[in-house]
Amino acid sequence: MTNTSFDLIDIIRTIQKRKRFILLITVAAVLAGVAFLFVKSVKYKAEVRFFVNNPLYGDRSTLFRSMETRYVDYFGGDDDVDKVMAFSNSDTVRDRIIRNCSFEIVYPNHDINSGKGHAELMSIFNKNFNIKRTEYRDIQLSYIDKDPVVAANVANMSAKVLEETYRQYYTSMKQNMYGAISDKVTQLDSSINLLTDSLANMRDKYGIYNLISPARQGMVSSGEMKGGGKGYGKAIEQVQNIEAIKDQLVIDRSHYISLINEFSTTASSSMQFLKITTRALPPTSPNGPGKLTVLVIAAFLGLLFSSLFVLMTGYYDKLNAVQR
């Protein structure tokens, strides 16, 4: 069996022999790159970056320090970042973004109110939208479009909708608590008014005007009780009982009103749960590699594959010559 060698000298000779072919393929690759640049549509990429704030700083116990609190980091943790990422991938958030950005106008011939048109617009958004977390625990959000202004507007609106959705997740629970406590205050108002009328009638009927509630410590009148007659003793006991209940209801009502003020403050829209560090501006340069980079890559690929093809054919020609 004859060993066929194909050393460096053979490689150089083969390339020199077929250099015209290699040059033609390289030029053809460059021309293909030029054609690609003419066919390729120019698109722009707008980007927004933001941090997730710690939602515990908007909590009632932290804001009003109703209890001893430990140090709370200003920045949200990994769990908070995961929640924002989950919201960004939900159809509810993305539907709100395309409606706020009027996608039926930006991308005409699509009816957002029809099932097919809405699905096409959602597909366009999903294709051009991208969101990812970085190693610095911030979030990078981007959108690509042929119009740089549209790309910037969609990116900024996406960040705004994400912030509102994430904030609403917490404030809605506080608003529910606010509503429940407000309903309780309304019930207490009715009960207090009813007890007030009962106390007023009993005092006028039996002439009992002393403060005799045992719950009002230090305020019980030391004067002699005036009045008398049948049922007077029972009336005193009833007045004490009603006063004790009413006083407790008044105390509860004042406490509930304080809670209402606290929950209404923590549910305020002035509290931001996302901190935008880089707002999207209309980009000035297209997305992707530049024209020179595309041509250099095309020339390199043409040179590489044509050289490999020439060397492979030259090697097989040498093998066939030896076997004959």
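Residues numbered from 1 in each chain as written. Predicted model: local features only at pLDDT ≥ 70, side-chain atom pairs only at ≥ 80, totals over all residues. Heavy atoms only, no water.

On a plain count of helices and strands, the chain comes out with 10 helices and four strands. Helices and strands appear in the chain in the N-to-C order α-α-β-α-α-α-α-α-β-β-α-α-β-α. Here the chain, with 324 residues, has 33% of them falling under the buried criterion. Restricting to contacts in the chain with at least 6 residues of sequence separation, those with at least 24 account for 77%. In the form shown here, the chain has an accessible surface area of approximately 20,500 Å², with 57% of it arising from carbon and sulfur atoms. (Helix = DSSP H or I, 4+ residues; strand = E, 2+ residues; numbered from the N terminus. Buried < 20%, exposed > 50% of the residue type's maximum accessible area, 1.4 Å probe, protein only. Contact = heavy atoms within 4.5 Å. Areas by Shrake-Rupley, 256 points an atom, 1.4 Å probe, with all protein chains shown as cover.)

Once that is clear, we can look at helix α8 (residues 148-206). Between the first and last C-alpha of α8 there are 84 Å, a value that for 59 residues agrees with the 87 Å anticipated at 1.5 Å per step. Along α8, the largest kink reaches about 35° and is centred on Y169. G207 lies just past α8 and shows a positive phi near 70°. (Expected span 1.5 Å × (residues − 1). Bend = angle between axes of the 7 residues up to and from the residue.)

With that settled, the discussion passes to the sheet that holds strand β2 (residues 129-133). The antiparallel open sheet is built from four strands, whose spatial order is β2-β3-β1-β4. Among the strands making up the open sheet, the edge pair consists of β2 and β4 (274-278). Pairs of neighbouring strands in the sheet enclose a mean axial angle of 25°, with direction left out of account. Examined bridge by bridge, strand β1 (residues 44-52) and strand β3 (residues 139-145) share seven bridges and lie antiparallel to one another. Looking at the pairing, R49 lines up with Q140 of β3. (Pairing = 2+ DSSP bridges. Axes fitted to C-alpha atoms, helices over the stretch in contact; angles between N-to-C directions.)

A word on the packing of α8 against helix α9 (residues 232-266). Taken N-terminus to C-terminus, the directions of α8 and α9 make an angle of 155°; their axes are 8 Å apart at the nearest point. Considering the angle they form, α8 stands roughly antiparallel to α9. Between α8 and α9 lies a crossing of left-handed hand. Residues of the contact of α8 with α9, tallied by class, amount to 22 nonpolar, seven polar and eight charged. (Parallel < 35°, antiparallel > 145°, perpendicular 65-115°, else oblique. Left-handed = near helix turned anticlockwise from the far one by under 90°. Nonpolar A, V, L, I, M, F, W, Y, C, P; charged D, E, K, R; others polar.)

Our next topic: the pairing of β3. The element β3 is extensively covered by neighbouring structure, given that six of its seven residues are classed as buried. What sits between the antiparallel neighbours β2 and β3 is a turn of five residues, in which R137 has the positive phi angle 65°.

Moving on, we get to a nonpolar patch on the surface. Among the surface-exposed residues, I297, F300, L301, L304, F305 and L308 lie close enough to one another that they form a single nonpolar patch of about 560 Å² accessible area. Along the polypeptide, L308 turns up in helix α10 (residues 291-323). With relative accessibility at 41%, the residue L308 sits in the partly exposed group. (Patch = residues over 30% accessible without salt bridge, like charges linked within 9 Å, V, L, I, M, F, W, Y side chains within 5 Å. Salt bridge = Lys/Arg side-chain N within 4 Å of Asp/Glu carboxyl O.)

Among the residues making up helix α5 (residues 91-100), those that are buried are V93, R94, I97 and I98. One face of α5 carries all of its buried residues, which in axial projection span an arc of 130°. Exposed and facing more than 90 degrees away from the buried side of α5 are D91 and T92. The secondary structure elements touched by the buried residues of α5 are α4 (78-88), α6 (103-106), α7 (115-128), β2 and α8. Just beyond α5, the residue with positive phi is S102, at close to 55°. (Arc of directions from axis to C-beta.)

Applying the stated rule across the entire model yields 13 aromatic pairs. Each ring, one from F87 and one from Y169, has its centre 5.9 Å from the other, and the planes form 65°; the classification is edge-to-face. Taken together, the residues F87 in helix α4 and Y169 in helix α8 connect sequence positions 82 residues apart. Ring plane angle 85° and centroid distance 5.5 Å describe the contact between Y166 and Y170, whose orientation is recorded as edge-to-face. Placement of both Y166 and Y170 in helix α8 is noted, with a separation of four residues, approximately one turn of the helix. By relative accessible area, Y166 is classed as buried at 0%. Look at Y170 and you get buried, because its relative accessible area is 15%. An aromatic cluster is built from F87, Y166, Y169, Y170 and F273, whose rings are joined through pairwise contacts. (Phe/Tyr/Trp six-rings, centres within 6.5 Å; stacked < 30°, edge-to-face > 60°.)

Below, the discussion takes up the confidence of the model for the chain. Any residue range with low pLDDT should be treated as having predicted coordinates unsuitable for detailed reading. Residues with a pLDDT of 70 or more make up 86% of the chain, whose mean pLDDT is 82. Confidence over residues 218-223 falls short of pLDDT 50; this stretch has seven contacts with residues more than four positions distant or in other chains. (pLDDT = per-residue confidence, 0-100.)

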